[in-house]
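Breakdown of the fold
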Amino acid sequence: MIDRARVTAQPVALLGPNPTLRMPVEAFDYVAPRSLAEAYAHLGNGRTSLLLAGGTDVIVQLREGRKRCDQLIDLKHIPELMRFGFAPDGTLEVGAAAPLAALYEDAEVLRRVPALVDAASIIGGTAIQSRASLGGNLCNASPAADSSAALMVLGARLLIGSASGTRELPVEELFAGPGVNTLQPSELLVQVRIPPQPPRSGAFYLRFIPRNEMDIAVASAGARLELNATGDRIEGARIALGAVGPTPLMAKAAAEALAGEVPGEEAFARAGELAAGVASPITDMRGSVAQRKRLASVLTVRALRGALQRAREAR
Amino acid sequence: MAATEHPSYKVIGTRPVRPDGVEKVTGKAQYGADVRLPGMIHGKILRSPHAHARVLSIDTSEAEKVPGVMAVVTRADFPVAEDVVQDLGEGAVSVKELSDNVLASDKVLYRGHAVAAVAATSPHIAEEAAGRIRVEYAVLPPVLAVRDAMREDAPLLDEQRVTKEMGGQGSGRPSNVASHLRFAGGDVEAAFAAADEVVEREFTTKMVHQGYIEPQNSTASWNADGTLTIWTSTQGAFVVRSQVAEVLRLPVSQIRVIPMEIGGGFGGKIPIYLDPVAALLSKKSGRPVKIVMSRTDVFEATGPTSGSYIRMKMARKDDRITAVQATLAYEAGAYPGSAVGAGAMTMLSPYNIENFVIDAYDVCVNKPKTSAYRAPGAPAAAFATEQMIDELAKNAKLDPLELRLKNSAHEGTRMVNGAVFPRIGAEETVRAALTSPHYRSPIEGPNRGRGVASGFWFNAGLQSSVVASANSDGTVNLIEGSTDIGGTRASLAMQLAETLGLPFEAVRPTVADTDSISYNDVTGGSRVTFASGLAVYEAGQELRKEMVRRAAKLLGVDEAELVYEDGGVQSTRDATKRLRFSEIAAKAGQTGGPIAGKGAVQARGVGAAFGTHVVDVEVDPETGKVQILRYTAVQDVGTAVHPSYVEGQIQGGVAQGVGWALNEEYYYDESGRLLNASYLDYRMPTALDLPLIETVLVEVPNPGHPYGVRGVGEVPIVPPLAAVANAIAEATGHRFRDLPISPRRIMEETQGLA
Ligand SMILES: Cc1cc2nc3c(=O)[nH]c(=O)nc-3n(C[C@H](O)[C@H](O)[C@H](O)COP(=O)(O)OP(=O)(O)OC[C@H]3O[C@@H](n4cnc5c(N)ncnc54)[C@H](O)[C@@H]3O)c2cc1C
């Protein structure tokens, strides 16, 4: 059975009964499939669709007329998309629509993948986190989305499904530009897969905001460091930056320069400089080009320090 | 912590629970958006996408065809506005400009300027229909910043406008400068020549928002008999009544304004925006019409406070500030009326400075018409003065508070406008700051700094009226006409309870509508606890006299032998002859009927407010982020009627001032589009951004009020801008004279980023 309700605005339950909120001009259908197969069928019915996970981006965009659709497909009634857990091989599999709060309140997730919690626990406030999902954060494709850089350094892969099957891709290949992802209209993100982390490694994510909460990153950085067996050399590193380009960026040269180095301020400072080199930010109400480039370097260093501490704790 | 000089009171100075508290915390209080009436429909306003344009034509025919649409209005539906200036309770207002701001006529002057409106059976239909109104614009270049607008070649908002010069004649050339004021005294040139040190600096601030949570709203019902009822969120129901009456050319008696609970105002809810539009939509449709602004509407189209430019030259000789020369230019927004005059009059008031010349310019720009914001005009001016004093103190190796103390204003000091201070608490606040545990504690650690600053605000008196009636159970109904924003139901009830010698709980305050009480000016100028308090005192005195008369009848003695004392009437001859207030009230029917007292005042004896603040900050040298480590606000509060609410006012003012100092600004692109029209990107401080703000209440009673009350609500926003800037200067070694001192600005300045 498919729940269908013709609504002249948004589904009322999502916004509460106050009819005086700014509403979209056009009517659309709301559908709530109970399985992936049903969802794929909706995606293939020839109408313009938008997917609804937590709705904390998409409802705002609809209300402000920045997006439109014929039908809004609610993903929260599809069990696979709401679950998360560790697979036998240690991969953390997160259903695309699972709320962030459930994720970061999980003790195993915090113990095994703290960098994901760094990101998930700062996206909006508690109310937002109780609805917002990783899938929505990634697919919305904001260059400032907090989970992106964290998942990139964790080496996350995305399971993407459609009526014709599934495919996997590295998370960094999801982003095509501000607000644009590489999914086909027939596809949806099913799962975010975070592989078991290498031994003696640690990862860390942070952002810069002028306030202490309720803000969108002016710039952000994630880093993962892998140490050698004796802990005195870096074996490998990954660095990713947010809000300093049209998409979140991998800072490859900065990461490569760390391999074989002694972990510490000197190597981190150089990595910071190199990371700033890949930044191509804009000036807007949240920050300037020069400020963001500088922050890319500062935050890279701070992310590396955090990653090093976690790597040492992991040994 | 408090330093006290007043007599001991029974109710004043206690901390009872506010009468409106339970309804508010249980969600039962009725706000404007809660109004629902039989047959009510919804209005939507079409707003200009351009910051400056001529309106060539408006075609509403497509909108009218949308099913569900019941009325459309444009300016053509309004009575022709008279080009007259009226005092409508908010200072002088041109009726034409007021009408033009409510709905544009020939020109739109800012993005978001209202152009037309639709009422329909649902807000969605109204919005869809509004989108189908075709407006033809001839787009003009906008002018957005105050100094650009003052240039001779600037685009003109109003080709007819010439600068009003105080007393004299201006050039007569069209200009965006609406007016120029000058205050002068002594001989500045001589003082500059004789000075030990003269510093000259420039300061700028950006437009900022008051930050209330509740968007503007109005529901209007035009009745078949030609009367009009308006439910709205406002700081002054009577001012809404008089403004709507002018715009719609109705007698005030035909309009009834019902003030709903208010979700914050801070000056922003004094002007009218939606009320006349909702009224005309209601007249046309025959239905009650409700309009509620979106947050974007609030940011783009209602009044923030001015952005400003200030140049200031200050001289020191020994430990005296001997002369100040200053030029202030404030952005008025689309129509004249910034608070630059108040800025000029307040900027030197904490001090006794003999020689001064202050020029003040009110300048129109293509941004929303500014409105009041807590101590309007004073914070930006103090941002300049208080940094100048700090710089002079540091250069001369003087303690910045000691220098302030040496130059402090006191009873008898003349303000720049010639007014002479009665007993004030300026010196007392500086002294209390000097001896505060905060100031006496060391500040240690790298990248940390301490700043101080003082501030002044006049406070207002104006008109208030109340009625107090005794109930048969010995309680008293207090009917008043002042919107309760800051706990004034409580502070007025407390004053009546004190006057009558009754417990606080015996007084039941109600804020009435404009048909139910005589005139009251706005809740603004920190005036209600003071001025409506005077009316309450008067009503209380009347009740006391009446109680004595009634007791005389009940006791069968001569009135002359009776006194009102301790919540009852007492014989001075026979100690056993005593009647409690409740006993007399219960028998009112036998002694002459209902017992009531009234108070109606044009309040005199306003007590000015002074504050001195101390703040410690830490600046992240890499990111430029500022943490407020500790904040202490000292204020002369006259008498703290309800100390918790006084502290709350001070803490709220500081929070707003810190936001203004660090991150808040209206961020426009060159076309005049506001890019941060949401609370996500308009960065007000959150609870995590501030420590608990410590308060020191100094009580120097106001001689103009029976309980020594001074307004307390506004002055706490005056010092923080400069106090924070002074602290950042200590922490970083860099002076910041442009607000906001955001991380971006700090990085640019301290790291040489262009
Ligand atoms: C007040 C507030 C504060 C915020 N603060 C932050 C913050 O600090 N950091 C931050 O990064 N973000 C922030 N956001 C943005 C938002 O909350 C996050 O991006 C959130 O993770 C989005 O998740 P969602 O489930 O609500 O997405 P939705 O709004 O449901 O969806 C977002 C987009 O992704 C698409 N989508 C959703 N699920 C899928 C899927 N499975 N497959 C394909 N496409 C899909 C939707 O169609 C839509 O286009 C904030 C938002 C608000 C309102």
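Model, not experiment: these values are computed from the prediction.

1. As for the pairing of strand 22 (residues 476–480) of chain B
All names here are of chain B. By the alternation rule, side chains of strand 22 split into Val476, Leu478 and Glu480, which are all buried, and Asn477 and Ile479, of which none is buried. Note that strand 21 (residues 462–470) and strand 22 share five bridges and pair antiparallel. The residue of strand 22 that forms the bridge with valine 467 is isoleucine 479. Here strand 21 folds back onto strand 22 in antiparallel fashion, the turn holding five residues, of which glycine 474 has a positive phi close to 90 degrees. Sheet analysis places strand 22 next to strand 23 (residues 507–511), joined by five bridges and oriented parallel. Bridging across to strand 23, asparagine 477 finds its partner in arginine 508.

2. Things to note about helix 2 (residues 36–43) of chain A
All names here are of chain A. Within helix 2, six of the eight residues are buried, leaving the element largely enclosed by the surrounding structure. Among the residues making up helix 2, those that are buried are Leu36, Glu38, Ala39, Tyr40, His42 and Leu43. Close packing links the buried residues of helix 2 with strand 2 (28–32), strand 3 (49–52), strand 4 (71–74), helix 4 (79–82), strand 7 (157–162) and strand 11 (188–194).

3. Notes on the interface of chain B and chain A
If you look at the interface, chain B gives 39 residues, while chain A gives 29 residues. Considering only the side of chain B, the residues that lose the most area to chain A are His124, Leu680 and Arg683 of chain B, jointly responsible for 20% of the buried surface there. Here arginine 683 of chain B ties to aspartate 215 of chain A by a salt bridge, and the two come within 3.3 Å at their closest N and O atoms. Along the contact surface separating chain B from chain A lie 17 residue pairs in polar contact (both at pLDDT 80 or more). Those elements giving two or more residues to the side of chain B that touches chain A turn out to be strand 2 (41–47), helix 4 (123–130), strand 16 (289–292), helix 9 (295–301) and helix 21 (743–750) of chain B. Class assignment for the residues of the side of chain B that touches chain A results in 15 nonpolar, ten polar and 14 charged.

4. Concerning the domain arrangement of chain A
Residues and elements named next belong to chain A. Under the domain assignment used here, chain A contains domain 1 (3–74), domain 2 (89–194) and domain 3 (201–314). With twelve residues of domain 1 at the contact, the number on the domain 2 side is 15 residues. Carbon and sulfur atoms supply 62% of the area that domain 1 and domain 2 bury against each other, a total of about 1000 Å² over both sides. Ranking the residues of domain 1 by area buried against domain 2 places Tyr40, Leu43 and Thr56 at the top, with a combined share of 44%. Run the count over domain 1 and domain 2 and you get zero salt bridges.

5. Points about the domain arrangement of chain B
Residues and elements named next belong to chain B. Splitting chain B by domain gives domain 1 (1–30 + 398–459 + 607–754) and domain 2 (461–603). For domain 1 and domain 2, the distance between their C-alpha centres works out to 35 Å. Every contact between the two is made by 28 residues of domain 1 and, on the other side, 24 residues of domain 2. In total, domain 1 and domain 2 occlude about 2000 Å² of area from one another, counting both sides; carbon and sulfur atoms represent 64% of this.

6. Comments concerning the site of the ligand
Residue and element names in this part refer to chain A. With respect to spatial proximity, 30 residues lie near the ligand, and among them Leu51, Thr56, Asp57, Ser133 and Asp146 are the closest. Between the ligand and the protein, one listed contact pairs an oxygen atom with a backbone N or O atom of valine 58 at 2.7 Å. Within the contact set of the ligand, a nitrogen atom lies 2.6 Å away from a side-chain nitrogen or oxygen of aspartate 146. For the ligand, the accessible surface in isolation is 980 Å², of which the surrounding protein chains cover 91%. Only strand 3, helix 9 (134–139) and strand 11 provide two or more residues apiece to the shell around the ligand. Sort the elements by how many residues they give to the shell around the ligand and helix 9 lands first, with three residues.

Thresholds, definitions, all that
- Residues numbered from 1 in each chain as written.
- Chains lettered and ligands numbered in written order.
- Predicted model: local features only at pLDDT ≥ 70, side-chain atom pairs only at ≥ 80, totals over all residues.
- Heavy atoms only, no water.
- Buried < 20%, exposed > 50% of the residue type's maximum accessible area, 1.4 Å probe, protein only.
- Helix = DSSP H or I, 4+ residues; strand = E, 2+ residues; numbered from the N terminus.
- Pairing = 2+ DSSP bridges.
- Contact = heavy atoms within 4.5 Å.
- Buried area = accessible area lost by both parts, 1.4 Å probe.
- Salt bridge = Lys/Arg side-chain N within 4 Å of Asp/Glu carboxyl O.
- Polar contact = N/O pair within 3.5 Å; in protein donor to acceptor, adjacent residues only side chain to side chain.
- Nonpolar A, V, L, I, M, F, W, Y, C, P; charged D, E, K, R; others polar.
- Domains from an automatic or database assignment.
- Near = heavy atom within 4 Å.
- Areas by Shrake-Rupley, 256 points an atom, 1.4 Å probe, with all protein chains shown as cover.

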